Amino acid sequence: MRYRKGVPFLTVLLLVGLISFPAAVRGAGKAPFFYLRTETGAIINPVTGENADQPYSPRQTCGACHDYEAITKGYHFQQGWDVIKDGYSKEKPWVLSNGMMGKW
């Protein structure tokens, strides 16, 4: 009889989970809607043609929500550009940094 008393509670819990889980998954890992922006912060709208001939600015576009300064200091952003120098490797003089820049 104890088993049957818990069944409605578990049923409600299961239904709440089934309803809320897809909504949580849909919102996970996605960026909210945003506009591409020029270096001056103006919106680029290719549909209306507004500033469509202007280059986009990652600083203005991504930096609105993300720490642009921290991202641009990361290894995957720099790819060795921040340590590039002649003579980086004595064994492989064509290698100029620890990054993939210039490698194949």
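Residues numbered from 1 in each chain as written. Predicted model: local features only at pLDDT ≥ 70, side-chain atom pairs only at ≥ 80, totals over all residues. Heavy atoms only, no water.

The name an unreviewed UniProt entry gives the protein is Cytochrome C, with Ammonifex degensii as the organism.

*Asks:* Help me understand the overall build of the protein in this model?
*Replies:* Counting secondary structure elements, the protein contains four helices and two strands. Walking the protein from its N terminus toward its C terminus, one meets helices and strands in the order α-β-β-α-α-α. When each of the 104 residues of the protein is scored for burial, the buried share is 14%. In the protein, the share of contacts with a sequence separation of at least 24, taken over all contacts with a separation of at least 6, comes to 9%. (Helix = DSSP H or I, 4+ residues; strand = E, 2+ residues; numbered from the N terminus. Buried < 20%, exposed > 50% of the residue type's maximum accessible area, 1.4 Å probe, protein only. Contact = heavy atoms within 4.5 Å.)

*Asks:* Just checking my understanding: could you explain the environment of Ile84 for this structure?
*Replies:* Its location among the elements puts Ile84 in the segment after helix H4 (75–78). With 12 residues separating them in the primary sequence, Ile84 and Leu96 have C-alpha atoms 5.3 Å apart.

*Asks:* Help me understand the packing of aromatic side chains in this model?
*Replies:* Geometrically, a pair of aromatic rings is defined through the distance of the ring centres and the angle of the planes. Following the criterion strictly, the structure yields one aromatic pair and no others. Seen in terms of ring centroids, Phe33 and Tyr35 are 5.3 Å apart; in terms of plane orientation they differ by 80°. Their pairing is edge-to-face. On the basis of relative accessibility, which here comes to 71%, the residue Phe33 falls in the exposed class. When its relative accessible area of 35% is taken as the criterion, Tyr35 is described as partly exposed. (Phe/Tyr/Trp six-rings, centres within 6.5 Å; stacked < 30°, edge-to-face > 60°.)

*Asks:* Looking at this model, I keep getting lost on a nonpolar patch on the surface. Mind explaining?
*Replies:* A surface patch of nonpolar side chains, amounting to about 310 Å² of accessible area, comprises Phe34, Leu36 and Tyr56. Within the secondary structure, Leu36 is located in strand S1 (residues 36–37). (Patch = residues over 30% accessible without salt bridge, like charges linked within 9 Å, V, L, I, M, F, W, Y side chains within 5 Å. Areas by Shrake-Rupley, 256 points an atom, 1.4 Å probe, with all protein chains shown as cover. Salt bridge = Lys/Arg side-chain N within 4 Å of Asp/Glu carboxyl O.)

*Asks:* Can you help me understand the state of the cysteines in this one?
*Replies:* Working definition: the covalent bond between the sulfur atoms of two cysteines is a disulfide. A full pass over the atoms with the stated rule returns zero disulfides. With no disulfide of its own, Cys62 lies closest to Cys65 among cysteine sulfurs, the gap being 8.9 Å. When its relative accessible area of 35% is taken as the criterion, Cys62 is described as partly exposed. Classification of Cys65 by relative accessible area gives exposed; the value is 64%. (Disulfide = S-S within 2.5 Å.)

*Asks:* Before we go on, may I ask you to explain the pattern of salt bridges in this structure?
*Replies:* Close approach of charged atoms allows side chains of opposite charge to pair. Using the criterion set out here, one finds one salt bridge in the structure. The salt bridge involving Glu69 is made with Arg59; its shortest N-O contact spans 3.0 Å. Of this pair, Glu69 sits in helix H3 (residues 68–72) while Arg59 sits in helix H2 (residues 58–62), placing them 10 residues apart in sequence. Under the relative-accessibility criterion, Glu69 is labelled partly exposed at 41%. Note on Arg59: relative accessible area 39%, which makes it partly exposed.

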